[in-house]
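Now for the letters of each chain:
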Amino acid sequence: MRRDHRIAVIIPALDEAGSIAGVVRSQPDWVDSVVVVDNGSIDGTAAEAHGAGATVIQEARRGYGAACLAGLHAVSDFPIVVFTDGDGANDPGDMAALVDPLLAGEADLVIGSRVLGEVEHGALGAVQRFGNALSCSLMRLLWRRRFTDLGPYRAVTQEALGKLNMEEPAMGWTIEMQVKALRRGLRVVEVPVACRRRVAGRSKISGSVIGSMRAGTRILYVIFRARLVGG
Ligand SMILES: Nc1nc2c(ncn2[C@@H]2O[C@H](COP(=O)(O)OP(=O)(O)O)[C@@H](O)[C@H]2O)c(=O)[nH]1
Ligand SMILES: [Mg+2]
């Protein structure tokens, strides 16, 4: 069934030269296009990704969301889009579980929840768990919907993307997608996914106090903006 549909994978990657080739090569063989979005890496990420067979896009605007958005422009003719990290933290073996509810017409957005899945020791820090739990509590309070994670490993239909009008350039990307999907009445499903430690390199987000604070602030900003301003 999966081979009958055109499926694209977007991998935002910033200085992931140590892992990106392996991540690109390990994508399931039923994936039709693997797009790596680089944001000015200085370690050869783009060359590694290209060498492994990915389409590489350069986005000048910094930020995780800006990279995801640039990736979306490149895959606008694929009915199904999957986002995955470039550090090897996601298990490509989980991708079928993300994509199948979309193919079956049962969901518009499928979020891989690391909280429901198996977490390798040390792969999900305390700050990140706390931030996820807080964000999910706020979503429950404000939109009456229970989520367990803001996991980056997720699959969405092109049709849903057309309604989401994604615009967040930074780390609020994942929550923006969830909140907007709820506000538009889209069908959102969570499935358990594994969470592994990054294969190489350094975390840009949750692995440092500064990165976590930046992400946390941005996530709260996106939640309250959606509540107060809409969009
Ligand atoms: N292109 C791009 N990718 C990013 C940026 N920030 C993070 N990433 C990628 O997003 C994924 C998750 O980031 P990571 O540093 O692993 O965050 P963590 O999992 O919270 O430690 C990795 O593939 C990163 O390379 C960015 O500003 N631009
Ligand atoms: Mg990571």
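Residues numbered from 1 in each chain as written. Chains lettered and ligands numbered in written order. Predicted model: local features only at pLDDT ≥ 70, side-chain atom pairs only at ≥ 80, totals over all residues.

Draft legend 1. Region of interest: the site of ligand 1. The environment of ligand 1 is formed by 21 residues, the closest being A67, G86, S203, I205 and S206. Those elements giving two or more residues to the shell around ligand 1 turn out to be β1 (7-13), β2 (33-38) and α3 (64-74). Here the residues of the shell around ligand 1 are counted per class, giving 8 nonpolar, 6 polar and 7 charged. (Near = placed C-beta within 6 Å. Helix = DSSP H or I, 4+ residues; strand = E, 2+ residues; numbered from the N terminus. Nonpolar A, V, L, I, M, F, W, Y, C, P; charged D, E, K, R; others polar.)

Draft legend 2. Just α3, in detail. In terms of burial, α3 is largely enclosed, as 9 of its 11 residues are buried. Along α3, the residues that are buried comprise Y64, G65, A66, A67, C68, L69, A70, G71 and L72. In this fold, the buried residues of α3 make contact with β1, β2, β3 (55-58), β4 (80-83), α6 (158-164) and α7 (173-183). (Buried ≥ 20, exposed ≤ 12 C-beta atoms within 10 Å, placed from the backbone. Contact = placed C-beta atoms within 7 Å.)

Draft legend 3. Spatial organisation of helix α8 (residues 209-228). Helix length check: α8, at 20 residues, gives a terminal C-alpha distance of 28 Å against a target of 28 Å (1.5 Å per residue), a fit within 8%. Every buried residue of α8 is listed here: S212, A215, R218, I219, V222, I223 and A226. Along the axis of α8, the buried positions cluster into a sector of 135°, meaning they face one direction only. In α8, the exposed positions angled more than 90 degrees off the buried face are occupied by V209, I210, M213, F224 and L228. Contact partners of the buried residues in α8: α5 (126-143) and α7. At the C-terminal side of α8, G230 shows a positive phi close to 90°. (Expected span 1.5 Å × (residues − 1). Arc of directions from axis to C-beta.)

Draft legend 4. Structural context of the packing of α5 against α8. Two numbers describe how α5 lies on α8: the axes approach to 11 Å, and their chain directions differ by 5°. One element, α5, and the other, α8, form an angle in the roughly parallel class. Taking contact as the criterion, the partners of V127, Q128, G131, S135, L138 and L142 in α5 are, on α8, S212, G216, I219, I223 and R227. Among the residues making up the contact of α5 with α8, the classes are represented as 5 nonpolar, 5 polar and 1 charged. (Axes fitted to C-alpha atoms, helices over the stretch in contact; angles between N-to-C directions. Parallel < 35°, antiparallel > 145°, perpendicular 65-115°, else oblique.)

Draft legend 5. Structural detail: the sheet that holds β4. With respect to topology, 7 strands assemble into an open sheet ordered β3-β2-β1-β4-β6-β5-β7, the strand pairing being mixed. In this open sheet, the two strands that pair with only one neighbour each are β3 and β7 (188-192). With strand direction ignored, the average angle separating the axes of adjacent strands in the sheet is 20°. With 4 bridges connecting them, β4 and strand β6 (residues 154-157) associate as antiparallel partners. By the bridge assignment for β6, V81 is matched with V156. Strand contacts of α3: β1, β2, β3 and β4, with the helix running at about 150° to β1, the strand carrying the most contacts. (Pairing = 2+ DSSP bridges.)

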